[in-house]
Amino acid sequence: MRRILICFVCLACLLTGCASPAQTEGPTQYQATFLTLFDTVTTILGYAESEEAFQEKAQAIHDQLLEYHQLFDIYNDYEGIANLKTINDQAGVAPVAVDQRIVDLLLECKEYYALTDGKVNVAMGSVLKLWHDARTAGIDDPEHAALPDEAALEEASAHCNLDDVIVDEEAGTVFLADPDMQLDVGAVAKGWSAQQVCAQIEEGMLVSIGGNVCATGPKATGAQWVVGVQSPEKWDAGYLHTLNISDGSVVTSGDYQRYYVVDGKSYHHIIDPETRMPANYWRSVTILCPDSGLADCLSTALFLLDQEQGQALLDKTQALAMWVAQDGIITYSPGFEDYIRT
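Scope of this entry: the structure provided in the associated data block.

Conventions used here
Residues numbered from 1 in each chain as written. Predicted model: local features only at pLDDT ≥ 70, side-chain atom pairs only at ≥ 80, totals over all residues. Heavy atoms only, no water. Helix = DSSP H or I, 4+ residues; strand = E, 2+ residues; numbered from the N terminus. Rg over C-alpha atoms; globule rule 2.2 N^0.38 Å. Buried < 20%, exposed > 50% of the residue type's maximum accessible area, 1.4 Å probe, protein only. Contact = heavy atoms within 4.5 Å. Areas by Shrake-Rupley, 256 points an atom, 1.4 Å probe, with all protein chains shown as cover. Lys, Arg positive; Asp, Glu negative; His and termini not counted. Charge placed at Lys NZ, Arg CZ, Asp CG, Glu CD. Pairing = 2+ DSSP bridges. Axes fitted to C-alpha atoms, helices over the stretch in contact; angles between N-to-C directions. Salt bridge = Lys/Arg side-chain N within 4 Å of Asp/Glu carboxyl O. Parallel < 35°, antiparallel > 145°, perpendicular 65-115°, else oblique. Left-handed = near helix turned anticlockwise from the far one by under 90°. Nonpolar A, V, L, I, M, F, W, Y, C, P; charged D, E, K, R; others polar. Expected span 1.5 Å × (residues − 1). Polar contact = N/O pair within 3.5 Å; in protein donor to acceptor, adjacent residues only side chain to side chain. 1 Å grid on protein atoms, 1.4 Å probe; cavity = no way out; pocket = protein on both sides within 12 Å on 5 of 7 lines; lining within 4 Å. Points joined across faces, edges and corners; volume = space filled by probe spheres on them.

## Quick look at the overall build of the chain
At step 1: For the chain, the helix and strand inventory stands at 8 helices and 16 strands.
At step 2: Relative to its length of 342 residues, the chain is compact, with a C-alpha radius of gyration of 20 Å against a globular reference of 20 Å.
At step 3: Burial analysis of the chain (342 residues in total) assigns 52% to the buried set.
At step 4: When contacts within the chain are restricted to residue pairs at least 6 apart in sequence, long-range pairs at least 24 apart make up 60% of them.
At step 5: Surface summary for the chain: the accessible area is close to 15,500 Å², and the carbon and sulfur share equals 47%.
At step 6: Positive and negative charge centroids in the chain, built from 18 and 50 side chains respectively, lie 5 Å apart.

## Looking at the sheet that holds strand 5 (residues 165–168)
The strands making up a sheet are joined through hydrogen bonds of the backbone, oriented either antiparallel or parallel.
At step 1: Sheet architecture is open: 3 strands sit in the order 4-6-5, paired in antiparallel fashion. A single partner strand is all that each edge strand has here, and the edge strands are strand 4 (96–97) and strand 5.
At step 2: One ladder, built from 4 bridges, connects strand 5 with strand 6 (residues 173–176); its direction is antiparallel. Following the sheet pairing, Asp168 is matched in strand 6 by Thr173.
At step 3: Packed on one face of the sheet, helix 3 (residues 100–115) meets strand 5 and strand 6 and runs near 130° to strand 5.

## Observations concerning the pattern of salt bridges
At step 1: Applying the stated rule across the entire model yields 10 salt bridges.
At step 2: Close ionic contact of Arg101 with Asp99 constitutes a salt bridge, the shortest N to O distance being 2.9 Å.
At step 3: We note a salt bridge from Asp255 to Arg283, for which the minimum N-O separation is 2.7 Å. With Asp255 in the loop between strand 11 (247–254) and strand 12 (259–262) and Arg283 in strand 14 (residues 282–289), this residue pair connects regions lying 28 residues apart in the sequence.
At step 4: For Asp255, a relative accessible area of 13% translates into the label buried.
At step 5: Residue classification places Arg283 among the buried positions, given a relative accessible area of 14%.
At step 6: Several salt bridges converge on common partners, so that one network encompasses Glu67, Asp99 and Arg101.

## Quick look at the packing of helix 4 (residues 125–140) against helix 5 (residues 150–157)
At step 1: For the pair helix 4 and helix 5, the least separation of the axes is 7 Å and the interaxial angle reads 155°. With respect to helix 5, the element helix 4 is oriented roughly antiparallel. Read as a crossing pair, helix 4 and helix 5 show a hand that is right-handed. Contacts between helix 4 and helix 5 involve Ser126, Val127, Leu130 and Trp131 on the former and, on the latter, Ala152, Leu153, Ala156 and Ser157.
At step 2: Across the contact of helix 4 with helix 5, the residue classes break down as 6 nonpolar, 2 polar and no charged.

## Topic: helix 3
At step 1: A rise of 1.5 Å per residue sets the reference length of helix 3, with its 16 residues, at 22 Å; its end C-alpha atoms lie 23 Å apart and thus fit the reference within 8%.
At step 2: When we look at burial in helix 3, the residues that qualify are Ile102, Val103, Leu105, Leu106, Cys109 and Tyr112.
At step 3: Here the buried face of helix 3 lies against helix 1 (51–71), helix 2 (84–89), strand 5, strand 6, helix 6 (189–198) and helix 7 (292–303).
At step 4: Here helix 3 starts with a cap whose side-chain oxygen sits 2.7 Å from the backbone nitrogen of Arg101, and that cap is Asp99.
At step 5: Asp117 occupies a position one or two residues after helix 3 and carries a positive phi of about 55°.

## Quick notes on helix 7
At step 1: The first and last C-alpha atoms of helix 7 sit 17 Å apart over 12 residues, in line with the 16 Å expected at 1.5 Å per residue.
At step 2: Of the positions making up helix 7, those classed as buried are Ser292, Gly293, Leu294, Ala295, Asp296, Cys297, Leu298, Ser299, Thr300, Ala301, Leu302 and Phe303.
At step 3: Near the N-terminus of helix 7, the side chain that reaches the backbone nitrogen of Gly293, with its oxygen 2.9 Å away, is that of Asp291.

## Some points on the side chain of Asn212
At step 1: In this structure, Asn212 sits in strand 8 (residues 212–216).
At step 2: In this structure Asn212 comes out as buried when scored by relative accessible area, which is 2%.
At step 3: Non-local contacts of Asn212, meaning those with residues more than four positions away in its chain, are made with Lys190, Gly191, Val207, Val250, Val251 and Asp296.

## Notes on the environment of Arg283
At step 1: Sequence spacing of Arg283 and Tyr339 is 56 residues, and the spatial spacing of their C-alpha atoms is 21 Å.
At step 2: Beyond its immediate chain neighbours, meaning those up to four positions away, Arg283 contacts Pro232, Glu233, Ser253, Gly254, Asp255, Tyr256, Phe303, Val324, Ala325 and Gln326.
At step 3: There is a polar contact of 2.7 Å between the side chain of Arg283 and the side chain of Glu233.

## Considering the layout of surface pockets
At step 1: Approximately 320 Å³ is the volume attributed to the second largest pocket.
At step 2: What lines the second largest pocket is a set of 15 residues, among which Asp255, Ser266, Tyr267, His268 and Gln326 lie closest to the centre.
At step 3: The leading source of residues in the lining of the second largest pocket is strand 13 (residues 265–268), at 4 residues.
At step 4: Looking at side-chain class alone, the lining of the second largest pocket contains 8 nonpolar, 4 polar and 3 charged residues.

Have a look at this one:
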């Protein structure tokens with residue numbers, strides 16, 4: 001069994017959320033934290049009659065999420081698993097027989113692409129890899145940090161046509177028709193995976209995967225969960241707001257965690273497909289939405305759009321949003337403020 005960190009929670013303050021004090025009677029609230037899923041911190045909150053009972057629940061959720069982590073990994077191979085890296089390695093060569101969950105994700109990603117007019121495009125891996133490599137090199141050697149080569153970005157952007165991602169539902173295969181194409185589902189994988197897993201677990205749990213929080217119903221006490229939205233200025237310590245939720249998801253995209261500095265200017269990881277550069281409309285965008293996968297998609301899309309365009313996209317869904325501008329001014333879509341606790 002993978003080692004987990006598990007403790008009694010009097011007041012559980014997560015990276016993206018917090019929980020009310022545990023009750024003295026009935027089930028006790030516990031939390032488990034994992035450090036290896038989706039390259040971020042994953043925290044699970046829930047109630048159980050004993051620590052051992054909660055550990056069993058948390059381990060089962062972890063194991064389900066681990067399957068998605070491995071399936072959607074673009075950097076590592078796993079014995080006996082055909083994952084997204086396998087598909088990328090076979091670009092232009094041959095279709096790859098994959099798990100149905102990969103088929104389902106990619107089909108939904110095509111819907112996300114249409115919904116967002118191409119702002120969320122999982123076929124952008126060739127562009128994102130250039131930024132990833134430049135960011136990694138810049139973090140490792142700040143004195144020589146540099147932007148990706150502009151000509152290389154332009155060339156890579158010619159290999160991002162989602163129509164070249166051929167998903168054969170009947171055969172259960174995926175084929176990248178362009179040999180220079182690469183898939184990268186980082187904009188949606190955490191939220192989509194959380195939604196799939198949370199739909200299968202008991203009510204009254206809270207799962208946080210980095211900036212993606214999914215609640216499966218109110219606490220066992222009947223109280224709402226309290227989820228904190230990080231401050232871009234004090235992301236390691238402070239909250240802009242705390243939100244009351246009973247179910248559904250809270251997802252935040254921001255410029256303050258994955259970034260590097262070139263010539264005194266910060267460059268974050270959320271890349272606009274049109275400019276091939278990091279977008280600069282917002283410091284962060286937070287989405288409230290019943291579906292965690294859609295919330296993940298929308299947090300990325302709205303980060304790449306001005307407020308009017310973002311609101312028009314929200315109007316097509318059941319989602320709500322909070323925008324934090326570069327100057328710190330906060331704007332809310334209609335209905336978002338109803339969920340604010342503090």
